[in-house]
Amino acid sequence: MSLLKIKNFFYTLYWRYTHYGFHSMWTAIKTYFLNAIRKIQNRVLPPRVECPCCGWKGYGFRYLDCGWFIVPQVECPQCCGHERHRLFTLFLQRTPPSFLSGNLQNKKILHFAPEHHFRKILNKSGNLFLFSTDYAPSALQQVGNPRFVADIHHLPIKNGSFDGIVCLHVLEHVKDDRKAISELERVLSAEGELLLMVPFMMDQKETIEYGAPRSDIFDHVRGYSPLDFKKRLTMFDYKEIKPENLLSTREIHKYKIPDSQVLYLCKKRVVHN
Ligand SMILES: [Zn+2]
């Protein structure tokens, strides 16, 4: 560990203590030591898990510091993919959405906060027009054109423009998620598919608004409950894709995808006159 890293680590601990209290600081310390042990385990113990995004195999994925709790078996040490990236990669490989499996000519796809972990699958299709967008220009530096900076509350896009939208772990960061969802519905074509995921707080009976971005938990502005999130999707016909819908029990353990990971495949609701 370099001197700069040590300095940053202690500054993080001080900052966590002063902003969120002792428990938050203790969570950061525990995560650090658990991951130090995990690093050794991955060097000396036989592989038990596998990352479908990059092919890495090892004893276990890294622990994730979530502010006041720690989630085990989350981050791939090689590609930094999380559970959602693993589930989404397997979904694209096994049950591709219509914009990947049907006639690929001239399909337009919009990818929010573009993650690199499954881009090669989207790019491989060749004939797609794959657009990338984010509110922060820095998030678009690593992706090719076409790309544009936009506010999800007010997308500079005509109605029904996109045949596919990929929006994973974005809504927990935005001020008005209902407005954002209505924008996603507006820019989706009549036959288009929106692929949506949010992080769930599995012990919450209802979604909690934090009132401001919580910097100890990745700047989330709310914590979604799996029990009430679906109420936000009433403007769509949607299907829930859970790990057990795609994977065997053995595969769920191998890829370490917990039941908190749910992919929503949403289509515009058909209005009958
Ligand atoms: Zn990986």
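Residues numbered from 1 in each chain as written. Predicted model: local features only at pLDDT ≥ 70, side-chain atom pairs only at ≥ 80, totals over all residues.

**A look at the nonpolar core**
Membership of the largest hydrophobic core comes to 44 residues, with the highest contact counts inside it found for Phe88, Ile109, Ile165, Val166, Cys167, Leu184 and Leu194. Going through the elements one at a time, helix H3 (83-94), strand S5 (108-112), strand S6 (129-134), strand S8 (162-168), helix H6 (177-187), strand S9 (188-197) and strand S13 (263-268) are the ones with two or more residues in this core. Counting the residues that make up this core, at least three belong to each of domain 1 (3-80) and domain 2 (84-268). Not counting residues within four places of it along the chain, the set of residues in contact with Val166 comprises Ile109, His111, Phe112 and Leu195. (Core = buried A, V, L, I, M, F, W, Y, C linked by C-beta atoms within 7 Å. Buried ≥ 20, exposed ≤ 12 C-beta atoms within 10 Å, placed from the backbone. Helix = DSSP H or I, 4+ residues; strand = E, 2+ residues; numbered from the N terminus. Domains from an automatic or database assignment. Contact = placed C-beta atoms within 7 Å.)

**So, the sheet that holds strand S12 (residues 236-241)**
Here we have seven strands laid out as an open sheet, ordered S7-S6-S5-S8-S9-S13-S12, and mixed in their pairing. Taken across any chain shown, the strands that pair with only one partner, and hence form the sheet edges, are strand S7 (147-149) and S12. Each strand of the sheet is rotated relative to its neighbour by a mean of 20°, with strand direction disregarded. Looking at chain direction, S12 and S13 are connected through six bridges and run antiparallel. Within S13, the residue paired with Asp237 across the bridge is Lys267. Across the sheet, H3 lies against S8, S9, S12 and S13, angled at about 55° from S13, the strand it touches most. Set on the sheet, H6 makes contact with S8, S9, S12 and S13; between it and S9 the angle comes to about 145°. (Pairing = 2+ DSSP bridges. Axes fitted to C-alpha atoms, helices over the stretch in contact; angles between N-to-C directions.)

**Focus: the packing of helix H1 (residues 3-20) against helix H2 (residues 22-44)**
One way to put it is that H1 packs onto H2 with a least axis distance of 6 Å and a crossing angle of 150°. Here H1 is positioned roughly antiparallel relative to H2, judged by the angle of their axes. Residues Phe9, Thr12, Leu13, Arg16, Tyr17 and Tyr20 of H1 pack against Phe22, Ser24, Met25, Ala28, Ile29 and Tyr32 of H2. Partitioning the contact of H1 with H2 into residue classes produces nine nonpolar, two polar and one charged. (Parallel < 35°, antiparallel > 145°, perpendicular 65-115°, else oblique. Nonpolar A, V, L, I, M, F, W, Y, C, P; charged D, E, K, R; others polar.)

**Points about the domain arrangement of the protein**
It is common to give the size of an interface as the accessible area lost on bringing the parts into contact. Assigned domains within the protein: domain 1 (3-80) and domain 2 (84-268). Relative placement of domain 1 and domain 2: their C-alpha centres are 25 Å apart. The partner domain 2 presents twelve residues to the 14 residues of domain 1 that form the contact. Contributing elements (two or more residues each) for the side of domain 1 that touches domain 2: H1 and strand S1 (49-50).

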